[in-house]
Amino acid sequence: MERGPLRNQAEVARCFGPRLAAMSANRTYTVSGMTCGHCVAAVKGEVGAVDGVSGVEIDLDSGRVDVSGGDDAAIREAIDEAGYDIVAA
Ligand SMILES: [Cu+2]
């Protein structure tokens, strides 16, 4: 009989390891053009809808956008989609 739990754990790590790593990554972007709470909400909405993103924190004054999880390229696209420019990441 196979040692189910151990084998499963290894399989889970192999299958989901990279995905879990991507999902738990924290990224910071500096975005220009956000001038009010509506801008913040727009960026938050677009970025928050990206696959794998579990959290978005935005500081309006500095333009700092902290994103938990998700794919870098998809996050950049979402910020662009919301109508704002990334000046640093
Ligand atoms: Cu605004």
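Refer to the preceding data block for the structure.
Once a new chain begins, its residue numbering starts again from 1 and follows that chain's sequence as written. Residue-level local features of this predicted model are given only where pLDDT is at least 70; pairs of side-chain atoms are given and counted only at 80 or more, and the full residue set underlies all totals for whole chains, interfaces and linings.

What am I meant to see in the nonpolar core here?
Considering soluble globular proteins, one finds that nonpolar side chains tend to be buried as a cluster. Val-31, Val-43, Val-47, Val-65 and Ile-79 are the most contacted members of the largest nonpolar core, which totals 15 residues. Runs of E in the DSSP output that reach at least two residues are strands. Runs of H or I that reach at least four are helices, and both are numbered from the N terminus. Among the elements of the structure, β1 (26-32), α2 (37-48), β2 (53-59), β3 (64-69) and α3 (72-82) are those that each provide at least two residues to this core. Each residue gets a C-beta atom placed from its backbone, and two residues are in contact if those atoms lie within 7 Å. In contact with Ile-79, other than residues within four places in its own chain, are Tyr-29, Val-31, Val-43, Glu-46, Val-47, Tyr-84 and Ile-86. By convention in this section, buried Ala, Val, Leu, Ile, Met, Phe, Trp, Tyr and Cys residues joined through C-beta atoms within 7 Å make up a nonpolar core. Three exposure classes are used, based on other C-beta atoms lying within 10 Å of a residue's own C-beta, which is placed from the backbone: buried for 20 or more, exposed for 12 or fewer, and partly exposed in between.

Please clarify how the sheet that holds β3 should be interpreted in this entry.
The pairing of strands in a sheet happens through backbone hydrogen bonds and is either parallel or antiparallel. Reading across from one edge, β2-β3-β1-β4 is the order of the four strands in this open sheet, with antiparallel pairing throughout. Each edge of the open sheet carries a strand with a single partner, namely β2 and β4 (85-88). When the angles between neighbouring strand axes are averaged without regard to direction, this sheet yields 35°. Here the axes come from fitting lines to C-alpha atoms, over the contacting stretch only for helices, and the angles between their N-to-C directions go from 0 to 180 degrees. Most of the contacts of α2 go to β2, to which it runs at about 160°, and overall it touches β1, β2 and β3. For two strands to pair, DSSP has to find at least two bridges joining them.

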